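# Structure assessment
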Amino acid sequence: MKSRRISRTRRRATIFGAATVSVVAGAAMLPVWSAGAAVTNDPTVDAKTKATFQRLADAVFTDRTEALVAGGQTDRDKPRTDGFSQDVRLSSGTARSEDAALSKLDRRRNALAKLGEKYSKGSTTVTLGATNVKGRKAKAVATETTTLTYAKARGGAPGTTGFQTRHELTFTADRQGDWQLTGISPAEEDNLAVNETTAPPAAAAVSVKSATTTPAAPKAATAYPGPANPKNLTAGGLDYKAMADYAKRHWSAYNPAYPDFNGAGAGGDCTNFVSQALKEGGWKHVPGYVYDYTRWFGNADIQSHSFVGVNEWSWFAQNSERTTSLANVHQMDVGDVLQIDFDNNGSKDHTMIVTSRSQGVPYLTYHSTNTYSRSVTSIIASYPNASYYAYRT
């Protein structure tokens, strides 16, 4: 996700993504990732307790999904997490934090409804990985898979949006030996899940002398609807449908022909993923030195910084005139690219590609967090104070 620093030695090792496993009930379109192998003979956590950890984790994230779908209109009077007590439960601090999160998601649901976006139903499953127990603390990674169904899918709009993300859960045993869930944090460097209530940490501003000669991408407005600016989807010799189809195929099932930077401490996989889709649709390699932002290339063994870095991609795209800037994010169409600067520090943090458009609303697919067909409406509602950069490819 974040821009790679030019001074850093280029790592060329291929990193392969985790394999997906079979589909679970309630999420037919989404594969669930295994978060870790089963662990036996934990010193203080038996199989029954670990199963309860799993159920509590599922309740936490299902509550978040229901807040986005129905808010206070659900037939449940209380959050699912209220059903846990004694042996395994939320700590008082975590309960307060989750109450605040649910309230924020409920407000987001209301804001989206005013903008014309509603979800008719949602489905969440959680897979709990290996439990690491040390003294009175136990930690485990929970992999969440969520599908949200759009209430009104018209025209070319997708029927659903979905995402997969991982959370690190911390359980602490009290003096009686009862476990409390005391911490929930992203297990990945960057988490842009639909149900997240905070923005990921932004990249530090990057200052590179060689980039000062490239055209700066202007910020895009977010007001709906955007001014008319139709895209010719058959011009320029590019296959925009191929770009979108590639992103839809590999949003969760990573292509082993490329390295996977998700969770690799290298800034995330978002720009690497978008570059792959652009290449599939006809963008040609420009070979050369990996640090030269006027070069662009990537394969399993080596990638230019412009292929995998957020800011470097922008510099290449603008300098090469392969893209033009759009005045409004709602002007984007299939194959166009959106970037975000979360804290307006001048360094862009995240890259996404448009995979469909309907009723003047673009839908984006991206890595870090792996997400399928999320509306630009939802993204802006989640990060209203960010700066946006829209590129026509």
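Look above for the structure.
Quick caveat, the model's predicted, so the values are computed rather than measured. (Residues numbered from 1 in each chain as written. Predicted model: local features only at pLDDT ≥ 70, side-chain atom pairs only at ≥ 80, totals over all residues. Heavy atoms only, no water.)

Here the structure, examined in full by the defined rule, presents 10 salt bridges. When the shortest N-O distance is used, the salt bridge between Asp292 and Arg295 registers 3.8 Å. (Salt bridge = Lys/Arg side-chain N within 4 Å of Asp/Glu carboxyl O.)

Moving on to the pairing of strand S9 (residues 337-341). Most of S9 is tucked away: five of the five residues are buried. With burial as the criterion, each face of S9 is covered, one bearing Val337, Gln339 and Asp341 and the other bearing Leu338 and Ile340. Sheet topology note: the S9/strand S10 (residues 350-358) ladder contains four bridges and is antiparallel. Residue Ile340 lies in a different strand from S10, and its bridge partner there is His350. Pairing geometry for S9 and strand S13 (residues 387-392), over five bridges, is antiparallel. Bridge pairing links Asp341 to Ser387 in S13. (Buried < 20%, exposed > 50% of the residue type's maximum accessible area, 1.4 Å probe, protein only. Helix = DSSP H or I, 4+ residues; strand = E, 2+ residues; numbered from the N terminus. Pairing = 2+ DSSP bridges.)

It is worth spelling out the packing of aromatic side chains at this point. Counted under the stated rule, the structure contains 15 aromatic pairs. Seen in terms of ring centroids, Trp296 and Phe316 are 6.1 Å apart; in terms of plane orientation they differ by 15 degrees. Their pairing is stacked. Separated by 20 residues along the polypeptide, Trp296 in the loop between helix H4 (270-280) and helix H5 (305-308) and Phe316 in helix H6 (residues 310-319) bring together distant segments of the chain. Take Trp296: its relative accessible area is 0%, and that puts it in the buried class. Through a chain of ring-to-ring contacts, three or more aromatic side chains come together here, namely Tyr258, Trp283, Trp296, Phe307, Trp313, Phe316 and Tyr391. Lying over the aromatic face of Trp283, Arg322 brings its terminal NZ or CZ to 5.2 Å of the ring centre. Here Lys348 stacks its cationic end above the ring of Tyr389, 4.5 Å away from the centre of that ring. (Phe/Tyr/Trp six-rings, centres within 6.5 Å; stacked < 30°, edge-to-face > 60°. Lys NZ or Arg CZ within 6 Å of the ring centre and 35° of its normal.)

What follows covers the nonpolar core. In this structure, Met332, Leu338 and Tyr388 are the most contacted members of the largest nonpolar core, which totals 34 residues. Those elements that provide at least two residues to this core are helix H1 (47-69), helix H2 (92-114), strand S5 (137-150), S9, S10, strand S11 (361-366), helix H7 (376-382) and S13. Top contributing element to this core by residue count: S11, with four residues. Excluding residues that lie within four positions of it along the chain, Tyr388 makes contacts with Pro218, Lys219, Ala220, Thr222, Val329, Leu338, Gln339, Ile340, Ile379, Ile380 and Tyr383. (Core = buried A, V, L, I, M, F, W, Y, C linked by side-chain atoms within 4.5 Å. Contact = heavy atoms within 4.5 Å.)

Cis rather than trans, the peptide bond between Tyr224 and Pro225 has omega equal to -5 degrees. Its place among the elements puts Pro225 in the loop between strand S7 (179-186) and helix H3 (240-250). Of note, Gln359 is a non-glycine position whose phi angle comes to about 55 degrees, a positive value. Mapped onto the elements, Gln359 comes out in the loop between S10 and S11.

With that settled, consider the side chain of Thr165. Along the polypeptide, Thr165 turns up in strand S6 (residues 160-173). Accessibility expressed as a relative area gives 1% for Thr165, which makes it buried. Polar contacts involving the side chain of Thr165 include one to the side chain of Asn191, which spans 3.3 Å. Non-local contacts of Thr165, meaning those with residues more than four positions away in its chain, are made with Ala142, Thr143, Glu144, Glu188, Asn191, Ala193 and Thr369. (Polar contact = N/O pair within 3.5 Å; in protein donor to acceptor, adjacent residues only side chain to side chain.)

The next subject is the side chain of Ser368. Positionally, Ser368 belongs in the loop between S11 and strand S12 (370-375). A distance of 3.0 Å separates a polar side-chain atom of Ser368 from the backbone nitrogen of Asp269.

To continue, consider the pairing of S13. Every regular strand shows the same layout, with side chains that alternate between the two sheet faces. Counting buried residues along S13, six of its six residues qualify, which places the element largely inside the surrounding structure. A two-sided burial pattern is seen for S13, the buried positions comprising Ser387, Tyr389 and Tyr391 on one face and Tyr388, Ala390 and Arg392 on the other. Where strand S8 (residues 324-326) lies against S13, three bridges are found, and the strand directions are antiparallel. Bridge pairing in S13 places Ser325 opposite Tyr391.

Among the 11 residues of H4, nine are classified as buried, and the element is accordingly described as predominantly covered. Along H4, the residues classified as buried are Cys270, Thr271, Asn272, Phe273, Val274, Ser275, Gln276, Ala277 and Leu278. Tucked into the core, H4 has its buried residues touching H3, H5, H6, S9, S10 and S11. Two residues or fewer past H4, Gly282 is found with a positive phi of approximately 125 degrees.

Before going further, it helps to spend a moment on the environment of Ala187. Note on placement: Ala187 falls in the loop between S7 and H3. Overall, Ala187 belongs to the partly exposed group, its relative accessible area being 27%. What Ala187 contacts, discounting residues up to four positions off in sequence, is Val141, Arg166, His167 and Glu168.

This next bit is on H6. Buried residues dominate H6, accounting for nine of its 10 residues. Buried within H6 we find Val310, Asn311, Glu312, Trp313, Ser314, Trp315, Phe316, Ala317 and Gln318. Contact partners of the buried residues in H6: H4, H5, S8, S9, S10 and S13. Glu321 sits one or two residues past H6 and shows a positive phi near 60 degrees.

Close contact between H3 and H4 brings their axes to 7 Å; oriented N to C, the two are set at 140 degrees. In terms of their interaxial angle, H3 and H4 are classed as oblique. Along this stretch, H3 crosses H4, giving a crossing that reads as right-handed. Between H3 and H4, the residues in contact are Ala242, Met243, Tyr246, Ala247, Arg249 and His250 and Phe273, Gln276, Ala277, Leu278 and Glu280, respectively. (Axes fitted to C-alpha atoms, helices over the stretch in contact; angles between N-to-C directions. Parallel < 35°, antiparallel > 145°, perpendicular 65-115°, else oblique. Left-handed = near helix turned anticlockwise from the far one by under 90°.)

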